Structure formats: structure tokens, C-alpha cells
Amino acid sequence: MVVGTRDHERRERLRTPRIGRHRGVGGAESFTGGFNALAQLAYAGVTVSANVVDLQTGRTLVSIDDRVALPTAGVGKILLLIEVSARITARDATGFGILDKTPGDAVGGSGIWQRLQAPALPVTDLALLVGATSDNLATNVLLRHVGLDSVRARSEALGLSGTALLDLVRDHRGPDDAPQLSIGSTAELSWLFSTLARGQVVDAVTSQRVLGWLSHNADLSMVSSAFGLDPLSHRTADSGLRLINKTGTDVGVRSEAGLLSGSRTGVAYAVTVQFTDTAIAMRLRVLEALRTFGYDLLEYVH
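Residues numbered from 1 in each chain as written. Predicted model: local features only at pLDDT ≥ 70, side-chain atom pairs only at ≥ 80, totals over all residues. Heavy atoms only, no water.

## Description of the pattern of salt bridges
Counting across every chain of the model gives eight salt bridges. R154 is the salt-bridge partner of E83, the closest N and O atoms lying 2.7 Å from each other. Taken as a pair, E83 in helix α3 (residues 77-89) and R154 in helix α6 (residues 148-157) lie far apart in primary sequence, 71 residues in all. Under the relative-accessibility criterion, R154 is labelled partly exposed at 26%. Residues D167 and R173 are paired through a salt bridge, measuring 2.8 Å at the closest nitrogen-oxygen approach. Note on D167: relative accessible area 8%, which makes it buried. Residue R173 is classed as partly exposed on the basis of its relative accessible area, which comes to 30%. A cluster of three or more residues bridged by salt bridges with shared partners is formed by D167, R170, R173 and D177. (Salt bridge = Lys/Arg side-chain N within 4 Å of Asp/Glu carboxyl O. Helix = DSSP H or I, 4+ residues; strand = E, 2+ residues; numbered from the N terminus. Buried < 20%, exposed > 50% of the residue type's maximum accessible area, 1.4 Å probe, protein only.)

## Remarks on the sheet that holds strand β7 (residues 182-184)
In spatial order, the strands read β3-β7-β6; together these three strands make up an open sheet with antiparallel pairing. Every other strand in the sheet has two partners, leaving β3 (70-71) and β6 (164-165) as the edge strands with one partner each. Judged from the two bridges that link them, β6 and β7 form a sheet pairing that is antiparallel. Residue pairing in the sheet places L165 in a bridge with S182 of β7. (Pairing = 2+ DSSP bridges.)

## Describing the layout of surface pockets
By volume, the second largest pocket amounts to about 480 Å³. Along the walls of the second largest pocket sit 28 residues, with A73, N136, V169, T249 and D250 positioned nearest its centre. Breaking the lining of the second largest pocket down by element, the ones donating at least two residues are α4 (123-133) and β8 (242-250). The biggest single contributor to the lining of the second largest pocket is β8, with five residues. Its residues assigned to classes, the lining of the second largest pocket comprises eight nonpolar, 13 polar and seven charged. (1 Å grid on protein atoms, 1.4 Å probe; cavity = no way out; pocket = protein on both sides within 12 Å on 5 of 7 lines; lining within 4 Å. Points joined across faces, edges and corners; volume = space filled by probe spheres on them. Nonpolar A, V, L, I, M, F, W, Y, C, P; charged D, E, K, R; others polar.)

## Topic: the packing of α3 against helix α5 (residues 136-146)
Interaxial distance between α3 and α5 falls to 11 Å at its minimum, and their mutual angle equals 50°. Between α3 and α5, the angle falls in the class oblique. As α3 runs across α5, the sense of the crossing is left-handed. Between α3 and α5, the residues in contact are K77, L80, E83, V84 and R87 and N136, T139, L142, L143 and V146, respectively. Counted by class, the contact of α3 with α5 contains five nonpolar, two polar and three charged residues. (Axes fitted to C-alpha atoms, helices over the stretch in contact; angles between N-to-C directions. Parallel < 35°, antiparallel > 145°, perpendicular 65-115°, else oblique. Left-handed = near helix turned anticlockwise from the far one by under 90°. Contact = heavy atoms within 4.5 Å.)

## What about the sheet that holds strand β10 (residues 266-274)?
The strand order β2-β1-β10-β9-β8 describes an open sheet built from five strands, whose pairing is antiparallel. Here the strands that pair on one side only, and so sit at the sheet edges, are β2 (60-64) and β8. On average, adjacent strands in this sheet sit at an angle of 5° to one another, irrespective of strand direction. Both β8 and strand β9 (residues 253-261) contribute to a ladder of nine bridges, which runs antiparallel. Considered in β9, the bridge of T247 is made with E256. Helix α2 (residues 32-43) rests against β1 (47-54), β2 and β10 of the sheet, and its axis sits at about 160° to β1.

## Observations regarding the environment of G95
Relative to the assigned elements, G95 resides in the loop between α3 and β4 (98-100). For the pair G95 and P122, spaced 27 residues apart in sequence, the C-alpha to C-alpha distance is 9.5 Å. Every residue in contact with G95, bar those within four places of it in the chain, is listed here: R87, I88 and V123.

Written out as C-alpha cells, the structure is:
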């Protein structure tokens, strides 16, 4: 079998023992590898934003254009989950019951409900589908049920100004539709996850319920690809690591936000990359940079 030069170099990098980069001169933390990988994307004309916060100290570890609101695709669905969870906690009738899917809710893309025979599911099951597979059909049904205005009001009440769910999920966006499903600043997304971790988004019960839904997320293709976890089963600690995350994928958009805890500490993180998605080479380059950034997170917490 002939092995290409690039494949050989990649295998050699994987075999080479990695030197921890989370402690630099004088014990200071360093995210040099991830920063350089994202910087190379920026030099190539890619828009990059990132933020990392230490959960124990609250100290910002990484800040790269983190106040800029960029498209975040499915990451914005976390705002819908917060609204649904808050209604369940408040014993609001809209937080319960069984919801039907209608022709107006139909949409392709991520998720499995569109492939299932079940015509209706409980609200909590739909929220779980959104958390686990970013289910587009479940998202639209829940949005029709609770209302986009309520989700926006909840986001504003949380103090979010650059992060919002703008619309339902559409196969095609016309001139009268919102240009993006969601937008977000990585600073606000890191803050949102750290606040969920502290049980302070509405209250502890509401926060833990949202984190429970997100803990089933099966998409570990971006930053979290560096953590070596089982995409289909990582709710419990694996080698001392715990991950809860939400990802967003669209044409020219890769975004991830979440919580990573290890034996040493934990972080809340968010990274968004917007790029011209016309060649597979650039898409792979983006994913490789996100994975490199993930290695830095892993080495910092573990």
C-alpha cells in the first residue's frame, strides 16, 4: 500500500508525544498551539472568534475577537432549550404535553425525527432530540409551540446582546427571512455555559435540565474531536474528562461552545469560524485548527 506524504506526516504527528502547553514560563498558561492555528486561518481571510474561561477562577484564558456577533448555526438552539426548561420548572402548561409535527414544520438537515414514524412526541423528548442531534424538525415544532418572541425575551432577560436565535430552521432562506438561524459572540456563549454550570440560568433546576439534554450531544467533530471521547456515550466521566457541548454547522460556519472538566480544573469555551466554503481543503483546514485548539483545552484541564 502506498502512503501519501501528507498522510505519513499526519501519522507521525499523532505518534509524537505531545508536550503540555498549558504551563509556560513561570507557570503561566499558554494556548499557543490553538492560537497559532486560528491565527493562520485569520491570515487566510477566515473570520475567527474564541473565548475560554476557567470555571474555578473565572479568569479569561483566551480572548480572540470574542465580542463580535457571528453566525453560530445550531448553537443558538440552546436558547430554545433554556426557554423550554424554564417553562417546565415554572409548571407552565406549555412545558408539558405531546406535540404533533405538521407539514409546516418539515425541514431537512440534522436530526432523526424526520425519519421516524412517530407523528407526535412529548415536549421533553423533543428537547432531548435537539440536545442530542440538533434535531431541526424538533426545533421547529418546539419553536411553534413556545414562540420565537418568548425565546428572544428570555435571551434578553439573561443579558445577552450579541447572542440570539433569529428564526426557525429553513431549508432555503429567502430575502424576507432572517439571513442566519442564530448569531452569537463567543464571550457571551462562554459566559452562558459557565452560568449554566453554576446553576444560575433561571435557577439550578432549569440549568441542570438544559445541561442534561446537551450532555447527549453526539457531534464531537470540531473542538471536542481532540478529547478522545465516545460520541455516542460520554455522559459519565471518561479518563477523568467530562464534556457538555453544543455545535453549529452551516455552509461556511463551524461553531462550538461547551464545558470541559478534567482532573485539574474546568473551562467554559466557545469558538466560531466563518469561512468561504467552496473547497474541501479549506473545510478540513478549519476542522484541523479547531481540533488543535481542543488539544490546548485538554492539556489545560487534564
